[in-house]
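Structural features, examined
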Amino acid sequence: QVQLQESGGGLVQAGGSLRLSCAASYRFYSSTVIGWFRRPPVKGREFVATIAWRDGYTKYEDSVKGRFSFSRDNAKNTVYLEMNSLDPEDTAVYYCTTGATRGASMAMWYKTWGKGSQVTVSS
């Protein structure tokens, strides 16, 4: 069974940085699209960013553009979300997910989900 494991969350002060990891129990196919979503306290799940494994095409939610970025380790089947200039508004549980629709920003286009990693940004 395909599994995704997030790690790297934690508590950080505003303006700080964190790097989230998304590791898969299988090798990403060239058609795989990896997405990050988050669920802030008392809010619904929202799109953060997505990357296409084949060509590295990325798409970011407007509020994280210029602050968040992707990197990856092909040998480890791992995608990283670098988060800089963190703001208390970024506090949420972050979920890694995979699908096959390039550039998808709606959760319905993703099939496999990790259990989430808590990110807390203090003011």
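Please read these numbers as outputs of a predicted model, since none were measured by experiment. Counting of residues starts from 1 at the beginning of each chain's written sequence and follows it residue by residue. In keeping with the model being predicted, local features are shown solely for residues with a pLDDT of at least 70 and side-chain atom pairs are shown and tallied solely at 80 or more, while totals for entire chains, interfaces and linings include all residues. The basis for every side-chain value is the complete set of heavy atoms in the structure, and neither hydrogens nor water enter the calculation.

1. Here's the deal with the pattern of salt bridges
Put simply, the test is: Put simply, a salt bridge is a Lys or Arg side-chain nitrogen that is within 4 Å of an Asp or Glu carboxyl oxygen.
Tallied over the entire structure, the rule returns 6 salt bridges. The partner of Asp-62 in a salt bridge is Lys-65, and the shortest N-O contact between them spans 3.1 Å.

2. What to know about the pairing of strand E8 (residues 78-83)
The line we're drawing: Partly exposed residues are those whose accessible area sits between 20% and 50% of the maximum for their type, while under 20% is buried and over 50% is exposed, using a 1.4 Å probe and protein chains only. Each helix is a run of H or I in the DSSP string that is no shorter than four residues. Each strand is a run of E no shorter than two, and both are numbered from the N terminus. Between any two strands, pairing holds if DSSP finds at least two bridges.
The element E8 is largely enclosed, with a buried count of 5 among its 6 residues. As judged from the 6 bridges shared by strand E3 (residues 18-24) and E8, these two strands associate in the antiparallel manner. Note on E8: the bridge partner recorded for Leu-18 is Met-83. Count of turn residues in the strand E7 (residues 68-73)/E8 antiparallel hairpin: 4 residues, of which Asn-77 carries a positive phi of about 50 degrees.

3. Remarks on the nonpolar core
Keep this limit in mind: Each nonpolar core is a collection of buried residues, namely Ala, Val, Leu, Ile, Met, Phe, Trp, Tyr and Cys, held together in the definition by side-chain atoms within 4.5 Å. In this description, contact between two residues means that some pair of their heavy atoms is separated by no more than 4.5 Å.
Counting 27 residues, the largest nonpolar core has Trp-36, Phe-68, Leu-81, Met-83 and Tyr-94 as its most contacted members. Listing elements by their share of this core, those giving two or more residues are E3, strand E4 (33-39), strand E5 (46-52), E7, E8, strand E9 (92-99) and strand E11 (117-122). Tallying contributions element by element places E3 first for this core, with 4 residues. When sequence neighbours within four positions are dropped, the list of residues in contact with Phe-68 reads Arg-38, Val-48, Tyr-60, Leu-81, Glu-82, Met-83, Asn-84, Leu-86, Asp-90 and Tyr-94. In this structure, Val-33, Phe-37, Ala-104 and Ala-107 belong to the second largest nonpolar core, which totals 6 residues.

4. Topic: unusual backbone geometry
In this structure, Val-42 is a non-glycine residue whose phi angle is positive, near 60 degrees. Its identity is not glycine, yet Asn-77 carries a phi of approximately 50 degrees, on the positive side.

5. Observations concerning the state of the cysteines
Between two cysteines, a covalent bond joining their sulfur atoms is known as a disulfide. Note the cut-off: Cysteine sulfur pairs qualify as disulfides if the two atoms are within 2.5 Å.
All chains considered together, the criterion is met by 1 disulfide. The side chain of Cys-22 participates in a disulfide bridge whose partner is Cys-96; the two sulfur atoms lie 1.7 Å from each other. One disulfide, between Cys-22 and Cys-96, carries an S-S torsion of -60 degrees and so falls in the left-handed class. Here the residue Cys-22 occupies a position in strand E3, and Cys-96 occupies one in strand E9, the gap between them amounting to 74 residues.

The values reported here are purely geometric and, on their own, carry no functional implication.
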